[in-house]
Amino acid sequence: TRVVWPRNYQDCEAALAWLRTEGASRFHLAPDRIAVLGGSAGGHLAQLLGARHPDEIRAVVSLYGIADLRRPEVAHLATAFAAATPPLLLVHGTADTTVPVEHARWLARELTERKVRYTYLELALAPHTFHLQPEQFDLRPVVLGFLARHLAPAP
């Protein structure tokens, strides 16, 4: 078994730092308007990155991400979420047998308790590893609308 934690998370932090410096100057990115998105383990990493870098990330999209903080392999998230966490969009399918929908349901309850802003969308009969256009529901308007609301330039 290969141990990837915490190197996978450190890669995400390095990417965020690069986006805010080199990426911003090289590609004319707005370093104060960054969102992160991931699916499954990537959703978990996006959640953690947003929770630990709330001053650098404006929004988080987690598609069927690992999220039940009671599980030992994700316990590091338990202390990460606070009211300052950027808004999260959580999307999970009810037919997911890899990361059960209970992960997202539990996280939604936890986020409510911690007063973290979030939107939760549960897709009936959607399995694990759907993308922005699963047959159950076209997610593009939801995701793009969420990002537009939270990445809009400050007035």
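Placed above this text is the structure.
These remarks concern the structure in this document. All chains use their own residue numbering, which begins from 1 and follows the written sequence. In view of the model being predicted, local features appear only for residues whose pLDDT reaches at least 70, and side-chain atom pairs are presented and counted only at 80 or more, with totals across whole chains, interfaces and linings using the full set of residues. The basis for the side-chain values is all heavy atoms of the structure; hydrogens and waters are excluded.

Quick look at the packing of helix H1 (residues 7-27) against helix H2 (residues 41-52)
Now for step 1: Axis lines are fitted to C-alpha atoms, over the contacting stretch for helices. Their N-to-C directions set the angle, which ranges from 0 to 180 degrees. Numbered from the N terminus, helices here are DSSP runs of H or I no shorter than four residues, and strands are runs of E no shorter than two. Where H1 meets H2, the closest approach of the two axes is 10 Å, and the angle between their N-to-C directions is 55°. On the basis of the axis angle, H1 is oblique to H2. The two elements H1 and H2 cross, and the hand of that crossing is right-handed. Side by side, H1 and H2 meet where Asn-8, Tyr-9, Cys-12, Glu-13 and Leu-16 of the first sit next to Leu-45, Leu-48, Leu-49 and Arg-52 of the second.
Now for step 2: Throughout this entry, Asp, Glu, Lys and Arg are counted as charged residues, while Ala, Val, Leu, Ile, Met, Phe, Trp, Tyr, Cys and Pro are counted as nonpolar. The remaining residues, Gly among them, count as polar. Classifying every residue of the contact of H1 with H2 by side-chain character gives six nonpolar, one polar and two charged. Roughly parallel means an angle under 35 degrees; roughly antiparallel means over 145; roughly perpendicular covers 65 to 115; every other angle is labelled oblique. When the near helix sits turned anticlockwise from the far one by under a right angle, the crossing is termed left-handed; a clockwise turn instead gives a right-handed crossing. In this analysis, two residues are considered to be in contact whenever any of their non-hydrogen atoms come within 4.5 Å of each other.

Quick word on the side chain of Ser-62
Now for step 1: Positionally, Ser-62 belongs in strand E2 (residues 59-63).
Now for step 2: Polar contact criterion, stated in full: a pair of N or O atoms within 3.5 Å, where within protein one must be able to donate a hydrogen and the other to accept it, and residues adjacent in sequence count only if both atoms are side-chain atoms. Here Gln-47 takes part through its side chain, which lies 2.7 Å from a polar atom of the side chain of Ser-62.

Digging into a nonpolar patch on the surface
Now for step 1: Patch membership needs two things, relative accessible area over 30% and no salt bridge, and members are linked within 9 Å if like-charged or within 5 Å if nonpolar (Val, Leu, Ile, Met, Phe, Trp, Tyr). Exposure was quantified through the Shrake-Rupley algorithm and a 1.4 Å probe, taking into account, for residues, occlusion by the shown protein chains and nothing else. The salt bridge definition used is simple: a Lys or Arg side-chain nitrogen within 4 Å of an Asp or Glu carboxyl oxygen. Together, Trp-18, Phe-27 and Leu-29 make up an exposed nonpolar region whose accessible area comes to about 300 Å².
Now for step 2: Mapped onto the secondary structure, Trp-18 falls in helix H1.

Digging into the packing of aromatic side chains
Now for step 1: Geometry of aromatic contacts follows a simple scheme: Phe, Tyr and Trp rings, the Trp one being its six-membered ring, pair when their centres are within 6.5 Å, and the pair is stacked under 30 degrees between planes, edge-to-face over 60, tilted otherwise. Tallied over the full model, the rule gives two aromatic pairs.
Now for step 2: Relative to Phe-27, the ring of Trp-18 lies with its centre 6.1 Å away and its plane at 50°, an arrangement referred to as tilted.
Now for step 3: Burial classes follow relative accessibility: with a 1.4 Å probe on protein chains only, a residue under 20% of its type's maximum area counts as buried, one over 50% as exposed, and anything between as partly exposed. Judged by relative accessible area, Trp-18 falls into the partly exposed class, the value being 36%.
Now for step 4: Judged by centre distance (4.8 Å) and plane angle (70°), the ring pair of Tyr-64 and Phe-130 falls under edge-to-face. Placement of the pair is Tyr-64 in the loop between E2 and strand E3 (88-93) and Phe-130 in the loop between strand E4 (118-123) and helix H4 (140-151), with a sequence separation of 66 residues.

Here's the deal with unusual backbone geometry
For residues that are not glycine, phi is negative in most cases, and the peptide bond is trans in most cases.
Now for step 1: In this structure, Leu-125 takes a positive phi of about 70° despite not being glycine.
Now for step 2: The residue Leu-125 is located in the loop between E4 and H4 in this model.
Now for step 3: One non-glycine residue with positive phi stands out, namely Thr-129, at about 65°.
Now for step 4: Counting through the fold element by element, Thr-129 comes out in the loop between E4 and H4.
Now for step 5: Under the relative-accessibility criterion, Thr-129 is labelled partly exposed at 48%.

Structural notes on the sheet that holds E4
Now for step 1: With parallel pairing, four strands are arranged side by side in an open sheet as E1-E2-E3-E4. Among the strands making up the open sheet, the edge pair consists of strand E1 (35-39) and E4. Strand-to-strand, the axes of this sheet are offset by a mean angle of 10°, without reference to chain direction.
Now for step 2: A strand pair is defined by DSSP finding two or more bridges across the two strands. Two strands pair when backbone bridges link them, and E2 and E3 are joined in this way by four bridges, in the parallel orientation. Paired with Leu-63 across the bridge in E3 is Val-91.
Now for step 3: Its contacts with the sheet place helix H3 (residues 102-113) against E3 and E4, and it is angled at close to 160° to E4.
Now for step 4: Sitting on the sheet, H4 touches E1, E2, E3 and E4, and the angle it makes with E2 is about 160°.

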